[in-house]
Amino acid sequence: QVQLEESGGGLVQPGGSLKISCAASGFTFSRYAMTWYRQALGKEREIVATITSAGGTTNYADSVKDRFIISRDNAKNTAYLQMNSLKPEDTAVYYCNAVINDRYYWGEGTLVTVSS
């Protein structure tokens, strides 16, 4: 079955960097776009970044543009989110997502806390 597992979250100081990962299994990873979402406490889940199946095209939310980089390694069935110049408002649970046959699949998320 489809499984997505996020990892790499943690506590980081403002201005710092962190790279989180999403390990995928149970489907042909290289055929599907991957998306990172985040959800802060008390707020709705929002899209952060998307990457196409071959990695040729990426899109970002305005709030993270020029700070975050989404990437993927299809040989390792893994997607990544490199987060730079982190701000307290980036604090959230980060989820990876795949849409397969019109069904949304989610991991359990990884918590990123930006605080001094």
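Rules of the game
- Residues numbered from 1 in each chain as written.
- Predicted model: local features only at pLDDT ≥ 70, side-chain atom pairs only at ≥ 80, totals over all residues.
- Heavy atoms only, no water.
- Disulfide = S-S within 2.5 Å.
- Helix = DSSP H or I, 4+ residues; strand = E, 2+ residues; numbered from the N terminus.
- Buried < 20%, exposed > 50% of the residue type's maximum accessible area, 1.4 Å probe, protein only.
- 1 Å grid on protein atoms, 1.4 Å probe; cavity = no way out; pocket = protein on both sides within 12 Å on 5 of 7 lines; lining within 4 Å.
- Points joined across faces, edges and corners; volume = space filled by probe spheres on them.
- Nonpolar A, V, L, I, M, F, W, Y, C, P; charged D, E, K, R; others polar.
- Pairing = 2+ DSSP bridges.
- Axes fitted to C-alpha atoms, helices over the stretch in contact; angles between N-to-C directions.
- Patch = residues over 30% accessible without salt bridge, like charges linked within 9 Å, V, L, I, M, F, W, Y side chains within 5 Å.
- Areas by Shrake-Rupley, 256 points an atom, 1.4 Å probe, with all protein chains shown as cover.
- Salt bridge = Lys/Arg side-chain N within 4 Å of Asp/Glu carboxyl O.

> Tell me about the state of the cysteines, and name the residues and values.
One pass over the structure, following the stated rule, counts one disulfide. Here Cys 22 pairs with Cys 96 through a disulfide, and the sulfurs are 2.0 Å apart. Looking down the S-S bond of the Cys 22 and Cys 96 bridge, the torsion is 60°, so its handedness is right-handed. Of this pair, Cys 22 sits in strand S3 (residues 18-25) while Cys 96 sits in strand S9 (residues 92-100), and the two are 74 residues apart along the sequence. The exposure class assigned to Cys 96 is buried, which follows from its relative accessible area of 1%.

> If you had to explain the layout of surface pockets to someone new, which residues and values would you point to?
There is about 170 Å³ of room inside the largest pocket. Contributing to the lining of the largest pocket are 13 residues, with Arg 38, Ala 40, Lys 43, Glu 46 and Glu 89 lying nearest its centre. Considered class by class, the residues forming the lining of the largest pocket number three nonpolar, three polar and seven charged.

> Outline the sheet that holds strand S8 (residues 78-83), supporting the account with residue identities and numerical values.
Pairing in this open sheet of four strands is antiparallel, and the strands run S1-S3-S8-S7 from one edge to the other. Looking at the sheet topology across the chains shown, the edges are occupied by strand S1 (3-7) and strand S7 (68-73). If you compare each strand with its neighbour and ignore which way they point, the axes differ by 15° on average.

> Please give an account of a nonpolar patch on the surface that cites residues and values.
On the surface, Val 99, Tyr 104 and Trp 106 cluster together into a nonpolar patch covering about 280 Å² of accessible area. Mapped onto the elements of the fold, Val 99 is located in strand S9. Classification of Val 99 as partly exposed rests on a relative accessible area of 34%.

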